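Close look at the chain arrangement
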Amino acid sequence: MKKVRQAAHKHQNQNKRKLLVFRNTEQMLGFLFLVVIVVICGWVVNSIRDWMEDPDQMVLSQLTLSGDYTYTTEDDLRQAILGLGLPNTYIGQDVDDIQQEIMRYPWVKQASVRKQWPDRLIVNIEEYKPAFYWNDLYLLDKNGNTFSVPLDRLNDLSLPRLYSPEGKAKSMLETYFRLEELSKKWANNKSTLIIQAAISDERNAWQLMVKQCKVDLCSENEEIKLILGSEKIEQRYQQFIKLFPEIQSRIPDGEKITAADLRYENGISVQREKISQ
């Protein structure tokens, strides 16, 4: 009987404790609501922290330009990126689109773009290397690729001048390099002829402007025009190189050679004029 009373007393105490925690249903619902609010707040705080630490949400603030470049500037890259209207976040930058936009600059041969955590965009540039002026409007590299560079970035670049019809730049270069090799082959310790300009027309008729140089010192304002025609171009130029010392020795003092027509079978026609004092 005593054990029954103890069990009943214990049951009554448990009910009292429950009533102390939850006096009514509204209090219980309030407690559950508080728990839910705490959980949601914890989730929100954790999500915000993850978002702030996520590199995909970082704002790009640094730009690095690398590679073999002379004429490209960081402003060019910024203009290319801004022209795309892309967002300025890490994830918002499509590197393929940026690469294509940079490749629109005519002097850029290759470009690669990559992102570096947390806020850097790295652009590697390879440019065409100018070797010739072409038709006074464009530049050529040694492979005959045509491109252009803003004039204010060339800094009076000294290059041979080539003139040819559209679409014939590469074929012209093949002949030009053979003529240049002849100049080097027949050069001696005293002098050599440097090709300053070359002209090839629709009929592939050639003219050269050459200048005599002695120990890397070239005569100023003394270019000689060579008319080679459209046949035996290399042979005629080689003939002039061989005969040039003799021709020059026959020029009277105070005069200079201005032009030579090499289209004759049995000789060379030479023009000369007095040297301006």
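What comes next is a walk through the structure. Values in this document were obtained by computation on a predicted structure and should not be read as measured data. (Residues numbered from 1 in each chain as written. Predicted model: local features only at pLDDT ≥ 70, side-chain atom pairs only at ≥ 80, totals over all residues. Heavy atoms only, no water.)

Observations regarding the overall build of the protein
Regarding its fold elements, the protein presents six helices and 13 strands. For the protein, the residues scored as buried account for 31% of the 277 residues in total. For the protein, the proportion of contacts with a sequence separation of at least 24, taken over those separated by at least 6, is 48%. About 18,700 Å² of surface is accessible on the protein, with carbon and sulfur atoms providing 52% of the total. (Helix = DSSP H or I, 4+ residues; strand = E, 2+ residues; numbered from the N terminus. Buried < 20%, exposed > 50% of the residue type's maximum accessible area, 1.4 Å probe, protein only. Contact = heavy atoms within 4.5 Å. Areas by Shrake-Rupley, 256 points an atom, 1.4 Å probe, with all protein chains shown as cover.)

Description of the sheet that holds strand S1 (residues 62-68)
Ordered by their spatial adjacency, three strands build an open sheet running S1-S3-S2, and the pairing between neighbours is mixed. Where the open sheet ends on each side, the last strands, each with one partner, are S1 and strand S2 (108-116). Each strand axis lies, on average, 20° off the axis of its neighbour in the sheet, ignoring direction. Here S1 runs beside strand S3 (residues 120-127); their pairing, made up of seven bridges, is parallel. (Pairing = 2+ DSSP bridges. Axes fitted to C-alpha atoms, helices over the stretch in contact; angles between N-to-C directions.)

Thoughts on a nonpolar patch on the surface
Taken together, the side chains of Met-28, Leu-29, Phe-31, Leu-32, Val-35 and Val-39 define a hydrophobic patch exposed on the protein surface, amounting to about 540 Å² of accessible area. With respect to the helices, strands and loops of the structure, Phe-31 is situated in helix H2 (residues 25-53). Classification of Phe-31 by relative accessible area gives partly exposed; the value is 45%. (Patch = residues over 30% accessible without salt bridge, like charges linked within 9 Å, V, L, I, M, F, W, Y side chains within 5 Å. Salt bridge = Lys/Arg side-chain N within 4 Å of Asp/Glu carboxyl O.)

Regarding unusual backbone geometry
For Asn-135, which is not a glycine, the phi torsion comes out positive at approximately 55°. If you trace the backbone, Asn-135 turns up in the loop between strand S4 (132-134) and strand S5 (138-140). Even without glycine at this site, Asp-136 takes up a positive phi of about 60°.

Quick word on the nonpolar core
Judged by nonpolar contacts, the single largest core of 30 residues is most densely connected at Leu-162, Trp-206, Leu-208, Leu-226, Tyr-237 and Phe-240. Counting residues per element, the ones that place at least two in this core are S4, helix H5 (169-185), strand S8 (192-200), strand S9 (206-214), strand S11 (224-229), helix H6 (233-249) and strand S12 (255-261). Residues within four places of Trp-206 in sequence aside, it is in contact with Met-172, Thr-175, Tyr-176, Leu-179, Ala-198, Ile-199, Ser-200, Leu-226, Ile-227, Leu-228, Gly-229 and Ile-233. Grouped together as the second largest cluster of nonpolar side chains are 22 residues, Tyr-105, Trp-107, Val-123 and Val-149 included. (Core = buried A, V, L, I, M, F, W, Y, C linked by side-chain atoms within 4.5 Å.)

Digging into the side chain of Asp-261
Within the fold, Asp-261 resides in strand S12. On the accessibility criterion, Asp-261 (11% relative accessible area) is buried. Within the structure, Asp-261 has its side chain in polar contact with the side chain of Arg-263 (distance 2.8 Å). Setting aside its immediate chain neighbours within four residues, Asp-261 contacts Ile-227, Ile-268 and Ser-269. (Polar contact = N/O pair within 3.5 Å; in protein donor to acceptor, adjacent residues only side chain to side chain.)

As for the packing of H5 against H6
Between H5 and H6, the shortest axis-to-axis distance is 10 Å and the interhelical angle comes to 25°. With respect to H6, the axis of H5 lies roughly parallel. Handedness of the H5/H6 crossing: right-handed. Here H5 contributes Thr-175, Arg-178, Leu-179, Leu-182 and Ser-183 to the contact with H6, which in turn contributes Ile-233, Glu-234, Tyr-237, Gln-238 and Ile-241. A per-class count over the contact of H5 with H6 returns five nonpolar, three polar and two charged. (Parallel < 35°, antiparallel > 145°, perpendicular 65-115°, else oblique. Left-handed = near helix turned anticlockwise from the far one by under 90°. Nonpolar A, V, L, I, M, F, W, Y, C, P; charged D, E, K, R; others polar.)

Focus: the environment of Gly-167
With respect to the helices, strands and loops of the structure, Gly-167 is situated in the loop between strand S7 (161-163) and H5. Sequence spacing of Gly-167 and Thr-146 is 21 residues, and the spatial spacing of their C-alpha atoms is 9.8 Å.

Considerations on the pattern of salt bridges
Applying the stated criterion across every chain yields a total of 16 salt bridges. One salt bridge connects Glu-101 with Arg-104, and the closest N-O pair in it is separated by 3.2 Å. We note a salt bridge from Glu-181 to Lys-184, for which the minimum N-O separation is 4.0 Å. Residue Glu-181 and its partner Lys-184 are both found in helix H5; the two are separated by three residues, about one turn of the helix. The partly exposed category is assigned to Glu-181, whose relative accessible area is 47%.

Some words on H6
In this model H6 runs 25 Å from its N-terminal to its C-terminal C-alpha over 17 residues, within 8% of the 24 Å that 1.5 Å per residue would give. Among the residues of H6, Ile-233, Arg-236, Tyr-237, Phe-240, Ile-241, Phe-244 and Ile-247 are the ones counted as buried. Check the buried side of H6 and you find it contacts H5, S8, S9, S11, S12 and strand S13 (269-274). (Expected span 1.5 Å × (residues − 1).)

Let's talk about the packing of helix H3 (residues 74-84) against helix H4 (residues 95-102)
Put simply, H3 and H4 touch, their axes get as near as 9 Å, and they point 120° apart. One finds that H3 runs oblique with respect to H4. H4 is crossed by H3, and the crossing has right-handed handedness. Contacts from Leu-77, Ala-80, Ile-81 and Leu-84 in H3 reach Asp-97, Ile-98, Glu-101 and Ile-102 in H4. The class makeup of the residues in the contact of H3 with H4 is six nonpolar, no polar and two charged.

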